[in-house]
Each structure stands twice: as C-alpha cells, then as structure tokens.
Amino acid sequence: MSDLTFPTGFLWGTATAAHQVEGGNSNSDWWAFENKPDSPCKEPSGTAIEHYSRYARDIALLAGLGFNTYRFSVEWARIEPAEGAFDQKELDHYRRMVDMTRKSKLTPMVTLNHFTLPQWVAERGGWLAPSTPELFERFTRRVVEELGEGVTWYCTINEPGMVAMGGYGGGFTFPPGLHSVDSWKGAIAGLIASHKRARAVIKQLRPNAMVGLTHAMREFESNAGGAAVMRYARRMAEDVFLEASADDDYIGVQTYTRTTFELPRLAGLTASIALAIPAIERATAKRFLASQRRGAPGTEPGSGMRRTEMGWEFRPQAIAATVRRVASLMPGKPIVVTEHGVATADDAERVEFITGGLTALHAAIADGVPVKGYIHWSAFDNFEWASGYTMHFGLIAVDRATQQRAMKPSARFLGEIARANRLKVSDV
Ligand code: BGC
C-alpha cells in the first residue's frame, strides 16, 4: 500500500472562532449569557486565550507547523457595538490579521458570524428579528470592503443548524435560550435569509471569492423505529441549510460524531407527517432533542462505545460519511472540511482521530468526492461555549494563567501531513 497523497493545492489548516479565543468580547450576547446570575455556562469566557492581542505570534506558530490555511472569524459585536456605529479600529485590527495571515503564507478563510451576535441585535430578537438579515448584510458589506481583496474564502455563518437548534429549538444551552419549534423554524428562516443576503453582497464586491456556509453535519443512523425522527432531525438540522447552499461556491462540512436513533416504532410516523402535524412535530422534535444528551466520557461498559470528553461517540470516519452525502446530494460541488476534531486530554487519541478521519476522507476523494481541504478544529485549546475551558480540542495547549502556548505532538503530526500533502502509511 502506498502513502495517501492528497490533491494538489489541498487546503490544510486549523480553525478558531473569535469569541472562543480573543477574550473580552463584552458587547456580545454570549458574554451577557455567560455572565448572568443563572447562567447555564460552566464559566465565562473572560480573557479567553488572548488571541486578540497575541494573534501575530499565534499565526506564526501555525505557519511554522506547515499549514497553508487559517480559518478565523471576525466579531460583529466588536465591529458594530451599537447599531450603525462601526468601529474603525476594530476593522483595522481584522485587516491586520488578514495581512499577517497572508504574510505568513496562509490562505485566510474568514467567517463572518460564528455563533455570537452583538447584544443589541440579540435584544431585538436575534435571528428571529425581521431586521437581522438586512443588518447582517450591511455588516458584511463593511467588513468585506475593509478586509480587501486578499480574502478569497468567506464563510457567511458558521453552523446555522446548531444555532437554530441549540438556541431557539432548545437543543443546547445557547442564547437566547428559547425552547420551541416555532422559534426554531423562525431562526432557520432568519439564518437562511441572512446567508443569502451576505452571499449576494460578497459576490457583488468580490466576484471571484469562494463563498459558502459551514454546515454542522453528523453521520446519522437509526433502527426502523428511529428512522422518522432521524429524517426529521436531518431535515431540520442539515437539509434545509444544504438546500439554501445550492448556489454557494463550496460546502463547508463540519463533523464530529455519529448519532444513532434507536427508538421503538411509532405506528405510521414519517418525517413528512411529523412536519405536517404540529402536535406530532413537537413530540418528534422532543425525541430528537433528547437524543442530544451526551453520554459520559470513556468507554461504555455494555456497548464498548468510546466517548470523547464531550460525551460524543469517538468516530473520526464520520467525516467521510457526511462529505459523501453532500456529494450525492450536490454532485460536483466543491467541499471543504471546515472543522473536524476531538475533545480529549489524551493527545495520542487526537492523532488517532486525525489519522482515522484523513484515511476515510482520502478514500472518499479517491471515489471522486471533490474535497478541497481539511481544516482541523481547533488550533488551540479554547472556550468551548457552555462547557467553558473544560474541553481540550486544541493541537496547541494554552496555560491560561501564563498564556503560554505548548505544542502537542498532534500539532506536529498534522503539520507534517500538511507540509508533505500526504499521510504516510506507516502512520495509519
Ligand atoms: C463549532 C465550534 C465548537 C466545536 C466543538 C462546532 O460546532 O463551530 O465553535 O467549538 O464545534 O463543539
């Protein structure tokens, strides 16, 4: 067997998101949510890993490892802390980040929205407010103009499916903390409208830029009883957004795990019935959201299933199932793995996860799936939303007391693969 070589020009990178790494994002809805007295978050983001002030050294570290791409997000709450009041020094900051990224020979991939909203947008209803798509379009226009022509990859909104389900359907402890099928659907509509407006404005300003959404996708499985709930879940969390991406330049795929629906059969329930009859839909949604509950980390005694720190099934090859699914739904559409990673304190497990994921991805590419890049989540251990700093997704560890960065073996491992554009068979 020979080494697994990836296509020429393959993007190899790591990702971060502003709120998870910058620190002091005090005008955002997440900041307010983390700091309220009854917050469901383990701890507030606080100073995070000070990427806001340390970005230059951080980017140099990533370039030194061998990567050619860096995916990061700009923070709407910093750039427009009050309606219409764009802060030029924040725009200049992100322009410097782009320049530094390019100077380091990394292709910048800029995410315009990664989960957080300015608090003033949230107070109006966030993704439910009729004004949000227009406001997001205006913000996008300003950012794209300021960042210049050096940005050729844009992601408008990160994982809209997670945002809608997590914060509006009640699937996770995300702001605004709503729990209804109606607000879930309202947020889906708002996110899609916002994406389309942002995409149009980027294409108008930068016709050659690659513009897309990053989609949270899972490998889904079910028994006969769970099939309707699974299809419902897939429709609400993935398919509505894939359909909205039909005219995008690429599909960003982010996959961490597999979800299996093993449920007793409900007579006659199909996904279309579930969607058509409100009471049945509410019950179906409830079953889906209940399935989001995480298991305990470690190996499950009965089933032998390995679970990560997040309590998700350890399933690196799930990424191949999702890119294959995208390719079958949207033949020929370029795909970029914009996130794939594992929360573990055992770095050898991360090397195993990367190896398993890349091996399965390589096989998909060999079968004709047009995957153009692999971006690992995450460059650094960082703020994992409601779980605070308890999760270890990073290739690089950060001691938050001293802000020292420490390279883990997985960072060098993936960096070498990136440099060689090849996974050595001896590593598999
Ligand atoms: C998000 C990241 C998050 C990661 C791990 C993705 O859903 O884009 O912000 O940290 O998953 O949970």
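Structure's up top.
Residues numbered from 1 in each chain as written. Predicted model: local features only at pLDDT ≥ 70, side-chain atom pairs only at ≥ 80, totals over all residues. Heavy atoms only, no water.

The helix and strand inventory of the protein stands at 15 helices and 16 strands. When its C-alpha atoms are laid out on the principal axes, the protein stretches across 60 × 60 × 45 Å. Here the protein holds 428 residues, and the buried ones make up 59% of them. At a minimum sequence separation of 6, the contacts of the protein that also span at least 24 residues come to 78%. Element-wise, carbon and sulfur atoms account for 53% of the exposed surface of the protein, whose accessible area totals about 16,100 Å². Charged side chains in the protein number 48 positive and 47 negative. The centres of these two groups are separated by 2 Å. (Helix = DSSP H or I, 4+ residues; strand = E, 2+ residues; numbered from the N terminus. Buried < 20%, exposed > 50% of the residue type's maximum accessible area, 1.4 Å probe, protein only. Contact = heavy atoms within 4.5 Å. Areas by Shrake-Rupley, 256 points an atom, 1.4 Å probe, with all protein chains shown as cover. Lys, Arg positive; Asp, Glu negative; His and termini not counted. Charge placed at Lys NZ, Arg CZ, Asp CG, Glu CD.)

What follows concerns the site of the ligand. For the ligand, the set of nearby residues contains 13 residues, the closest of which are Q20, H114, E159, E339 and E384. A distance of 2.4 Å separates an oxygen atom of the ligand from a polar atom in the side chain of E159. A distance of 2.9 Å separates an oxygen atom of the ligand from a polar atom in the side chain of W385. With the chains in place, 94% of the 310 Å² that the ligand exposes on its own is no longer accessible. Residue composition of the shell around the ligand, by class: six nonpolar, four polar and three charged. (Near = heavy atom within 4 Å. Polar contact = N/O pair within 3.5 Å; in protein donor to acceptor, adjacent residues only side chain to side chain. Nonpolar A, V, L, I, M, F, W, Y, C, P; charged D, E, K, R; others polar.)

Okay, the pattern of salt bridges next. Two side chains with opposite charge may pair up if their charged atoms get near one another. Scanning all chains against the criterion turns up 26 salt bridges. The residue K89 makes a salt bridge to D87 at a minimum N-O spacing of 3.1 Å. Residue R325 is joined to E238 by a salt bridge in which the shortest nitrogen-to-oxygen separation is 3.4 Å. Of this pair, R325 sits in helix α13 (residues 318-329) while E238 sits in helix α10 (residues 227-244); the two residues are 87 residues apart in sequence, bridging distant segments of the chain. The exposure class of E238 is buried, given its relative accessible area of 2%. (Salt bridge = Lys/Arg side-chain N within 4 Å of Asp/Glu carboxyl O.)

For the coordinates displayed, the defined rule picks out 27 aromatic pairs. Residues Y256 and F393 carry aromatic rings whose centres are separated by 5.9 Å and whose planes lie at 85° to one another, so their mutual orientation is edge-to-face. Residue Y256 is found in the loop between β8 (250-254) and β9 (258-261), and its partner F393 is found in the loop between β13 (371-377) and β14 (396-399); the two are separated by 137 residues along the sequence. Of the aromatic side chains, those joined through ring pairs into one cluster are W30, F33, F115, F172, F174, F383, W385 and Y389. Taking NZ or CZ as reference, R78 lies 4.2 Å from the ring centre of Y52, over its face. Over the ring of F314 we find R306; its NZ or CZ atom is 3.8 Å from the centre of that ring. (Phe/Tyr/Trp six-rings, centres within 6.5 Å; stacked < 30°, edge-to-face > 60°. Lys NZ or Arg CZ within 6 Å of the ring centre and 35° of its normal.)

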